[in-house]
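A closer look at the structure
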Protein chains: 2
Amino acid sequence: MDQRVLSIQSHVTYGYVGGKAAVFPLQCLGYDVDVINTVNFSNHSGYGRFGGTKTSASELQQILQIMEENQLPDPSRLLTGYIPGPEALSVVQEVAAKLRKRHPKLIYLLDPVMGDSGVLYVSPNVVSIYRAMLPLATIITPNWFEVETLTDFRIVDPQSLRDAIRGLHEEYQVPNVVVSSIPMKPWLAEFLPEEIPKGQPTDLLCIASSKSGSERNSAVYACAVPLIPGYFSGVGDLFSALVLAHFDPDGTSPLPDAVGKALTKTHAIVQLTHAYAQTLEEEDRANTDDELDEKDPMRRVRRMRGRELRLIQGQEIIRGEGSSREMKAWETFW
Amino acid sequence: MDQRVLSIQSHVTYGYVGGKAAVFPLQCLGYDVDVINTVNFSNHSGYGRFGGTKTSASELQQILQIMEENQLPDPSRLLTGYIPGPEALSVVQEVAAKLRKRHPKLIYLLDPVMGDSGVLYVSPNVVSIYRAMLPLATIITPNWFEVETLTDFRIVDPQSLRDAIRGLHEEYQVPNVVVSSIPMKPWLAEFLPEEIPKGQPTDLLCIASSKSGSERNSAVYACAVPLIPGYFSGVGDLFSALVLAHFDPDGTSPLPDAVGKALTKTHAIVQLTHAYAQTLEEEDRANTDDELDEKDPMRRVRRMRGRELRLIQGQEIIRGEGSSREMKAWETFW
């Protein structure tokens, strides 16, 4: 069977975030990708200076409607990422609902891109639409902050973590929840069972939780991944694309297998990027410092340029079939 | 040295023309590609029904200006294809002129996409802008009709062919001219020297002509390629991208080598696509028939769907380093 993904996310001319971080890996892994650009920007917003246009809701609708009229083949998988406003998101909600209804086996990975580290970078009206969309998803890949935003829980201890995960599975009927890059707070490190190596205190934890309708509790898996210093944009977009690409619904443990592969490859690409950034002139790898960045906008730009993902140079990693990090069962989670 | 291409051409959500036919192959061959979409359409216009938006000249300008302000690295190669109107094309002319001035070694492949088989499908005002842009190009890849349009020659015999090629080299100062898919008219077959096999009467001829400033006549190479029945969209876009990707300015014969590789890979992808189309239901592979298509718009749509290039399935071909068709020297051309 031909594998076709409909990817709806941002486009940047320069660099690798959104569609630019997701489409090439999906293509390398054998997927035909139908690409809808929710914005057409020069570069990602982290540069401080960026320009271009957002695709309006009616423009999105027009493209989708012609595709429908032309009876272009429906995708077997759907991937949605950054969508800038509530009107455009509602159009995406509509198409997701239609595809889900037509194809109960559609694999929909919804990345509810809303913000990070306590900062919302979409319109607040977007949150309730994402909540309404969750039941359409096969897999979601929120970050820590997005889990809190979606569930309205502050996650501060094992119980609130359990409540948040349970809420996503039960209230929002999401079968597969993946939360990557969770800071290894002391309570979390202590909560982790011995079978799952904690690694360094700076490691990030990735949790994957799968629930089929009949079970009382979800099956939870986790793996700690070493932190690579510095902030790299597009990492989440790449990770989500790889989870979707490697998710095999007929496999024996589809979610942990896909997440293990996605973690491995994403980590290797970030490592490659970090190693490259280290070879640059000192002024091209200055640390994040809002105050200094404020005084000299090019300071931030130079850092961003040097940290664009080395996706092209690392394409063998993307295609690789080597061994992967293993997501280990967290038997004592519940 | 990192290889970076700036690609300015159309984007379609579904299928493989313009940027969708060019960017993935360039990426597979190791290039970072900065992608500017001149349109964002649902599918190519050959479907009869298509929708979306054209990027305005001022939108293009804004993206290019921010990239300039952010001092994003200049590309080492430039690829321009379908650009829908004179205003947008003028913006592209400006950026090409700027890059050429800054980097005399810039490799600019200009595909003057204007029409085919006697039909112009861009605004007629575009023609004079393309003529003004020709001196900026390193390589141009017009089709037969575009050569006639640019040079204002009707090519009907060896002399008019020589005049057209000479005009492009001398009047427009283009060092490398590639004309692919020339129908093997009897006068052309007769003009071909014995060393260059004519193949079947239905074969298409590809001519590549390189001229460095000091020589009186250009070096001309040619190769006949079997015709694959049916019309496939995006073939020219793929071919141009592959010529650019394989052009090695430090090689011993940069143009014929690149064209030989591009011909080989493009032909193999079209062959794969044709073989796939043959496996479809009869109604999905009906022949071109304007009258029947007129009565039933879906007839045309179905044929177009079945003939989208099998680029993803054939990615090994794109990456391949196997033997190539050889462009043979046409010693008696002049």
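Since we're looking at a predicted model, the values are computed, not measured.

All right, on to the pairing of strand β11 (residues 219-225) of chain A then. Residue and element names in this part refer to chain A. With respect to burial, β11 is a largely interior element, 6 of its 7 residues being buried. Where strand β10 (residues 204-210) lies against β11, 7 bridges are found, and the strand directions are antiparallel. Looking at the pairing, A208 lines up with Y221 of β11. Here β11 pairs with strand β12 (residues 328-329) via 2 bridges, running antiparallel.

With that out of the way, let us pick up the environment of P175(A). All names here are of chain A. Looking at the secondary structure, you find P175 in the loop between α6 (158-170) and β9 (176-183). Along the sequence, P175 and A137 sit 38 residues apart, while their C-alpha atoms lie 7.9 Å from each other. Beyond its immediate sequence surroundings of up to four residues, P175 is in contact with A137, T138, H169, S209, S210 and K211.

Turning our attention to the interface of chain A and chain B. Every contact between the two is made by 47 residues of chain A and, on the other side, 47 residues of chain B. Of the roughly 3900 Å² buried between chain A and chain B, counting both surfaces, carbon and sulfur atoms make up 50%. By the criterion of area lost to chain B, the three top residues of chain A are T13(A), Y14(A) and N70(A), representing 15% of everything that side buries. Inspection of the chain A/chain B interface yields 2 salt bridges.

Glancing now at helix α3 (residues 86-102) of chain A. Residues and elements named next belong to chain A. Look at α3: 24 Å from first C-alpha to last across 17 residues, which is about the 24 Å you get at 1.5 Å a residue. For α3, the set of buried residues is P86, A88, L89, V91, V92, V95, A96, L99 and R100. Lining the buried residues of α3 we find β1 (4-12), α2 (57-69), β4 (77-80), β5 (107-110) and α4 (126-133).

Throughout the structure, instances matching the rule amount to 11 aromatic pairs over all chains. Considering the side-chain rings of F41(A) and F50(A), the 5.3 Å spacing of their centres and the 55° angle between planes classify their relative orientation as tilted. Given the relative accessible area of 11%, F41(A) is considered buried. A cation over a ring is seen here: R307(A) above F232(A), with NZ or CZ 5.7 Å from the ring centre. Against the face of Y16(B) rests K20(B), its NZ or CZ located 5.1 Å from the ring centre.

Cut-off values and rules
Think of each chain on its own: its residues are numbered from 1, step by step along the sequence as written. Labels are handed out in written order, letters beginning with A for the chains and numbers beginning with 1 for the ligands. Totals for whole chains, interfaces and linings use every residue, but because this is a predicted model, local features are given only for residues with pLDDT of at least 70 and side-chain atom pairs only at 80 or more, for both listing and counting. No hydrogens and no water enter the side-chain calculation; it runs on all heavy atoms of the structure. With a 1.4 Å probe rolled over the protein chains alone, any residue whose accessible area is under 20% of its type maximum counts as buried; one over 50% counts as exposed, and the rest are partly exposed. Only DSSP runs of H or I reaching four residues or more are called helices, and only runs of E reaching two or more are called strands; each is numbered from the N terminus. We treat two strands as partners when DSSP finds at least two bridges between them. Contacts are assigned to residue pairs with any non-hydrogen atoms lying within 4.5 Å of each other. Buried area, as used here, totals the accessible surface that two parts lose on assembly, with accessibility defined by a 1.4 Å probe and the loss added over both. Here, a salt bridge means any Lys or Arg side-chain nitrogen found within 4 Å of an Asp or Glu carboxyl oxygen. The span one expects for a helix is its residue count, reduced by one, times 1.5 Å. Pairing of aromatic side chains requires ring centres within 6.5 Å, counting the rings of Phe and Tyr and the six-membered ring of Trp. Pairs whose planes differ by under 30 degrees are stacked, by over 60 edge-to-face, and all others tilted. Look at NZ for Lys and CZ for Arg. If either is within 6 Å of the ring centre and within 35 degrees of the ring normal, a charge sits over the ring.

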